[in-house]
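Architecture at a glance
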Amino acid sequence: MTKWLKHIAPSDCGYSENVELAKFLTGKYERVLDYGCGRGRLTQVFDKEDYIGYDPEPELIALAIHDNIGYQYTNIGPLSKDGKDLILAYTVFVHMHDKQVLEVIKQFNPKTICIVEILGRAWRRPKNFPPTFNRSLQDYTRLLGNYNLIKEHKMPHAHYTTKKKKPIYMSYLLWRRK
Ligand SMILES: C[S@@+](CC[C@H](N)C(=O)[O-])C[C@H]1O[C@@H](n2cnc3c(N)ncnc32)[C@H](O)[C@@H]1O
């Protein structure tokens with residue numbers, strides 16, 4: 001079993017992540033890349049014809065295909081370099097160091113990027129599995145120099161709030177190319 005399977009996302013976050021993501025991403029996005037899509041939990045927020053899910057873990061991709069009939073997935077890179085309207089990185093960039101994030105952006109040159117994760121350097125554990133490189137909003141503003149933050153939203157996260165005994169939020173960030 002892939003080590004990632006038990007690190008996808010705690011299901012007891014206290015709200016529907018699909019509903020929240022759909023509300024946050026108002027409007028129509030074509031050519032969506034769900035980067036690090038895992039087992040395809042969030043796939044059905046998007047229309048079939050607009051979507052491709054990528055994850056390096058073949059076992060997760062097999063589960064995603066099973067659960068989301070008719071959607072397109074791959075675990076084989078490199079993916080087509082055609083520009084993307086939207087890259088969704090739902091708790092994915094948080095597991096990648098800066099250089100890897102920049103490579104993804106350079107490769108797909110997306111018009112918009114949606115990042116969802118817990119912000120704050122206090123959460124950084126680069127040597128753990130999975131490695132975490134949590135960034136502050138300022139870190140992302142610096143890293144994504146060619147993008148403006150156009151929308152931000154926060155949801156209280158029940159699982160981590162209970163675990164850490166203080167309010168913890170999942171941040172939803174939408175960036176648009178300048
Ligand atoms: C916490 S899971 C989130 C999965 C999915 N986005 C979701 O919210 O259900 C992180 C995912 O990122 C993938 N991943 C880790 N490193 C990656 C990388 N360098 N490029 C692409 N995907 C990566 C893992 O295989 C895993 O499926």
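Remember, it's a predicted structure, so these values are computed and weren't measured experimentally. (Residues numbered from 1 in each chain as written. Predicted model: local features only at pLDDT ≥ 70, side-chain atom pairs only at ≥ 80, totals over all residues.)

**Overview of the nonpolar core**
Membership of the largest hydrophobic core comes to 40 residues, with the highest contact counts inside it found for Tyr35, Ile87, Leu88, Ala89, Ile113, Cys114 and Ile115. The set of elements that each furnish at least two residues to this core consists of β1 (32–35), β2 (51–54), α2 (58–67), β4 (86–90), α3 (98–108), β5 (112–117) and β7 (169–177). With sequence-adjacent residues up to four places away left out, Ile87 is seen in contact with Leu33, Tyr35, Phe108, Pro110 and Ile113. (Core = buried A, V, L, I, M, F, W, Y, C linked by C-beta atoms within 7 Å. Buried ≥ 20, exposed ≤ 12 C-beta atoms within 10 Å, placed from the backbone. Helix = DSSP H or I, 4+ residues; strand = E, 2+ residues; numbered from the N terminus. Contact = placed C-beta atoms within 7 Å.)

**Looking at the site of the ligand**
By nearness alone, 20 residues border the ligand, and Gly36, Gly38, Arg41, Tyr90 and Thr91 come closest of all. Of the residues assigned to the shell around the ligand, the class counts are eleven nonpolar, six polar and three charged. (Near = placed C-beta within 6 Å. Nonpolar A, V, L, I, M, F, W, Y, C, P; charged D, E, K, R; others polar.)

**Some details on unusual backbone geometry**
Across residues other than glycine, the phi torsion is negative in most instances, and most of the peptide bonds are trans. For the bond running from Phe129 to Pro130, omega is -10°, close enough to zero to count as cis. Within the secondary structure, Pro130 sits in the loop between β5 and α4 (137–143). Of note in the backbone geometry, Arg31 takes a positive phi value of approximately 50° without being a glycine. One non-glycine residue, Asn109, adopts positive backbone phi at about 40°. Secondary-structure assignment places Asn109 in the loop between α3 and β5.

**A word on the pairing of β2**
For β1 and β2, the ladder comprises four bridges, and the chain directions are parallel. Residue pairing for β2: Leu33 is matched across the bridge by Ile52. Relative to strand β3 (residues 72–74), β2 runs parallel, the two being bridged by three bridges. Bridge pairing in β3 places Ile52 opposite Gln72. Taken together, β2, α2 and β3 constitute a β-α-β crossover, and its handedness is right-handed. (Pairing = 2+ DSSP bridges. Right-handed = clockwise from strand over helix to strand, strands pointing away.)

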